[in-house]
Amino acid sequence: MLNQTPTNATPNAVLRLLQAGRAADAARLGKQVLAQHPRDPALAQIVAIACLQSGDAPAGVALLRQAHALVPNDAGVAFNLAKALGDLRQFDDALAICNRPALARVPDFMRLRADLLKAAGHTALACDAFARVIAQNPRDIAARNNHGNALLEAGRAEEAVAAFEAARALAPQEPTLLANLALALVAARRFEQAIPVAQAAQAGAPGNAHGWQAHGRALNRLRRHEEAMPLLVEAMRLAPRDAAIIVDVALTFVALGAFDKAEQGFRHALSVDPRCAEAYLNLGSLYEQSNRTAELTGLIEQADGAGAQGDQITVLRAMQARRDGAFETARDLLASLAPDGPVDAGLRAQLLGGVADRLGDVQTAYDAFVTMNEATAANPLSAGFDRGDYRAYIATLDETLDPAWRASWPEAPPSQRPAPAFLVGFPRSGTTLLDTVLMGHGNAHVLEEQPVMAAVHEEIGHLRTISALSPERVAQLRQMYFDKVAALGPVPDGALIVDKLPLNMLRAPLIHRLFPDARFIFAVRHPCDCVLSCFMQNFHVNRAMASFLDMDNAARTYDAALGFWEASRAALGLNVHQIHYEDVVADMAGETRKLTAFLGLDWEDGMLDFQQTAAGRGYIRTPSYAQVTEQVYTRARGRWERYRQQIAHVLPVLDPWARRYGYGPVLADGAAG
């Protein structure tokens, strides 16, 4: 007879199948037996567990609800139901069970409640819940570990380190604890400390992906990206479905300049976890800095559809609002971010400063940029840089301009190739706009901020060694330069190399030694606007960029750099075309024609379509990535006037340069500084 219950169909038979690991068979048989005993709560729970273990979670939860209705005071059934509901992300129902007065103080339910709060994204409540579990049982290592993870998710990195250290005191060699501690140390910016802890985790459990991840993250934060990559790839091999690890690999590709691979990585992370807010933020940032605004909009729609939430998604919305000109909306979104949340404080302050500037809220903007620079300065990678060191270095270059020393140079050998042109100027002087215009010329090969001449400089050491360079050595260094250019990509036959790196202005003697006939394009902008803009940028700190962490050092570095440049220009007789940013804004066509004539290039109409050129450039490395896709605008011209009160202390330093470059006095009384 069809559908007849087997003669051996008993509750004990179901239990034996489940104990034998045959969950699917136990579920099938159990449902038949349960039809004969519908009010047996123990049997309903056994069949529910069989359904859960065989992957039929909805059926398992339904059976647990049935059992719970039969025995509402049975703590075991209630616990299993709450846990199964949590696995189905039905957190409200699960928490309602854990919060019942009769269960709320039971240790198992206290811990489950904490786990549910963490899984539901209620990190602040989860942190408090785990703290109560630990207070009840201070030797609960798992609770201490989960407490640390919750604190880390809440952005409370130092507290997370303390929580993991407390757990480590109870289990010093536990690899999972060591890996989590290493990740917390990275989040707390204690990168050097994180490395040996991560290595201990790797040694203790080579199959634990998070030890490899923590080690790779620490190296990435130390900008040792080549070393980080194989560690993170191994972590991804061990845990191919861990979206956070995939994001770490993609971020490493960003740091290495492999932007296509980075984009693939972020998208892969989202395929694994469609709610991964970190992947959305980093992919959105990549789109934004590549000026792919339509794709940024589509990404936010994708995040909404997946139910992704959190501060990272809020930042994406703020980026989009800023791009759309909805600056008040962007400001309000940024103001809603948690102060200690997952969004980097420097990024948050940078975005807020830019939006406030566009709204004309000068003091809020200036204060935000101060906060941004303080956050940058607090990074351990910034600690080794003295803000005045670069200025002190510039002072040591003066000896290279002694006329007698210059006369001692052996004559450079003739070059077999045309000399490059060098686009220089103080940072934020409009060099990115100019290099984008030149990229639109079919016979110009533009190097965009590649440290080619820096490598040659490193090869010879201090500029004072130039006088000792023999003609043969000059030829070798010249070839080294061209080899490094070729390694970046093929140079079309007959194309003029235009090497754009603003602070190559300080390498003018070396450039002149290697290429006596080199042409220099010198970009000039109002000194006050230029220095203020440097202060407003969130640069990666190095020896030079550390100068821009405060207005005083930024202005004094400008004074030192321009002083050396002008002395080099006079002493060496450099072939210079000086071009003012403000003139380019006022008459793009006229200034571009003068520039091409200086470079010996024919005029091409396509050069004026610089927005299209910029849109095709992909990821733009400089802070000007957004501006170069806009129509030429004048809002940044004279911006410093609005900040006169905030930057009054540096105006005496900049006044002589403003006069020299034709902008007139900047001091309020017109007196020279």
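Above this note sits the structure.
Residues numbered from 1 in each chain as written. Predicted model: local features only at pLDDT ≥ 70, side-chain atom pairs only at ≥ 80, totals over all residues. Heavy atoms only, no water.

Student: Could you give an account of the packing of aromatic side chains, naming the residues involved and the relevant values?
Tutor: A full pass over the atoms with the stated rule returns 17 aromatic pairs. Aromatic pair Phe426 and Phe548: ring centres 5.6 Å apart, planes at 75°, arrangement edge-to-face. In this pair, Phe426 sits in the loop between strand 1 (421-425) and helix 25 (431-439) while Phe548 sits in the loop between helix 29 (527-535) and helix 30 (551-572), placing the two residues 122 residues apart along the sequence. In this structure Phe426 comes out as buried when scored by relative accessible area, which is 2%. Among the residues examined, Phe548 registers a relative accessible area of 2% and is labelled buried. When the centroid spacing of 5.6 Å and the interplanar angle of 50° are considered together, the rings of Phe539 and Phe548 count as tilted. Classification of Phe539 by relative accessible area gives buried; the value is 17%. Above the face of the Phe482 ring, Arg417 is positioned so that its terminal group lies 4.0 Å from the ring centre. Above the face of the Tyr581 ring, Arg525 is positioned so that its terminal group lies 5.2 Å from the ring centre. (Phe/Tyr/Trp six-rings, centres within 6.5 Å; stacked < 30°, edge-to-face > 60°. Helix = DSSP H or I, 4+ residues; strand = E, 2+ residues; numbered from the N terminus. Buried < 20%, exposed > 50% of the residue type's maximum accessible area, 1.4 Å probe, protein only. Lys NZ or Arg CZ within 6 Å of the ring centre and 35° of its normal.)

Student: Tell me about empty space enclosed by the protein, and name the residues and values.
Tutor: Under the criterion given, the structure shown has 1 cavity of 30 Å³ or more. The volume enclosed by the largest cavity comes to roughly 40 Å³. Surrounding the largest cavity, Asn373, Thr376, Gln537, Asn538, Phe539, Val541, Met545, Phe548 and Leu549 form its lining. Grouping the amino acids of the lining of the largest cavity by side-chain chemistry returns 5 nonpolar, 4 polar and no charged. (1 Å grid on protein atoms, 1.4 Å probe; cavity = no way out; pocket = protein on both sides within 12 Å on 5 of 7 lines; lining within 4 Å. Points joined across faces, edges and corners; volume = space filled by probe spheres on them. Nonpolar A, V, L, I, M, F, W, Y, C, P; charged D, E, K, R; others polar.)

Student: Lay out the nonpolar core in plain terms, naming residues and giving numbers.
Tutor: Counting residues in each nonpolar core, the largest one holds 84 residues, and the members touching the most others are Val14, Ile97 and Leu116. Broken down by element, the residue count for this core peaks at 9 residues, all from helix 11 (residues 175-187). Aside from chain neighbours lying at most four places away, what touches Ile97 is Ala78, Leu81, Ala82, Leu85, Leu103 and Phe109. Ala455, Leu477, Met480 and Ala518 belong to the second-largest nonpolar core, a separate cluster that totals 82 residues. (Core = buried A, V, L, I, M, F, W, Y, C linked by side-chain atoms within 4.5 Å. Contact = heavy atoms within 4.5 Å.)

Student: For unusual backbone geometry, give the residues involved together with the corresponding values.
Tutor: For residues besides glycine, phi is generally negative; the peptide bonds are generally trans as well. Backbone geometry places Arg428, a non-glycine residue, at a positive phi of 70°. Residue placement: Arg428 occurs in the loop between strand 1 and helix 25. Of note in this structure, Glu449 is not a glycine but carries a positive phi near 55°. Along the chain, the position of Glu449 falls in the loop between strand 2 (444-448) and helix 26 (452-460).

Student: How would you explain the state of the cysteines if you had to name every residue and give the values?
Tutor: In this structure the tally under the stated criterion is 0 disulfides. In this model Cys127 remains outside any disulfide bridge; the closest cysteine sulfur is found in Cys98, 17 Å from its own. By relative accessible area, which is 1% here, Cys127 ends up buried. (Disulfide = S-S within 2.5 Å.)

Student: For the side chain of His512, give the residues involved together with the corresponding values.
Tutor: Summarising the element assignment, His512 is placed in helix 28 (residues 508-514). In this structure, His512 is in contact with Arg406, Trp409, Leu572 and Leu574, ignoring residues within four places of it in sequence.

Student: Can you tell me about helix 20 (residues 327-335), naming the residues and giving the values?
Tutor: Residues of helix 20 that are buried: Phe327, Ala330 and Leu334. What you see down the axis of helix 20 is that its buried residues fit within an arc of 60°, all on one side. Those residues of helix 20 that are exposed and aimed more than 90 degrees away from the buried face are Glu328 and Ala335. Elements that come into contact with the buried residues of helix 20 comprise helix 19 (311-323) and helix 21 (345-358). (Arc of directions from axis to C-beta.)

Student: Residues and numbers for the sheet that holds strand 3 (residues 496-500), please.
Tutor: Pairing is parallel across the open sheet formed by 5 strands, whose spatial order is 2-3-1-4-5. Edge positions in the open sheet fall to strand 2 and strand 5 (575-580), since each of these has one partner strand only. On average, adjacent strands in this sheet sit at an angle of 20° to one another, irrespective of strand direction. Relative to strand 3, strand 1 is paired through 3 bridges, and the arrangement is parallel. Each residue of the ladder has a partner; that of Leu423, found in strand 3, is Lys500. Relative to strand 2, helix 25 is tilted by about 150°, and along the sheet it contacts strand 1, strand 2, strand 3, strand 4 (519-524) and strand 5. (Pairing = 2+ DSSP bridges. Axes fitted to C-alpha atoms, helices over the stretch in contact; angles between N-to-C directions.)

Student: Just give me the short version of the layout of surface pockets, but keep the residues and values in it.
Tutor: A volume near 220 Å³ is recorded for the second largest pocket. Forming the walls of the second largest pocket are 14 residues, and the residues nearest its centre are Pro418, Ala419, Ala495, Leu496 and Ile497. Residues of the lining of the second largest pocket, tallied by class, amount to 9 nonpolar, 1 polar and 4 charged.

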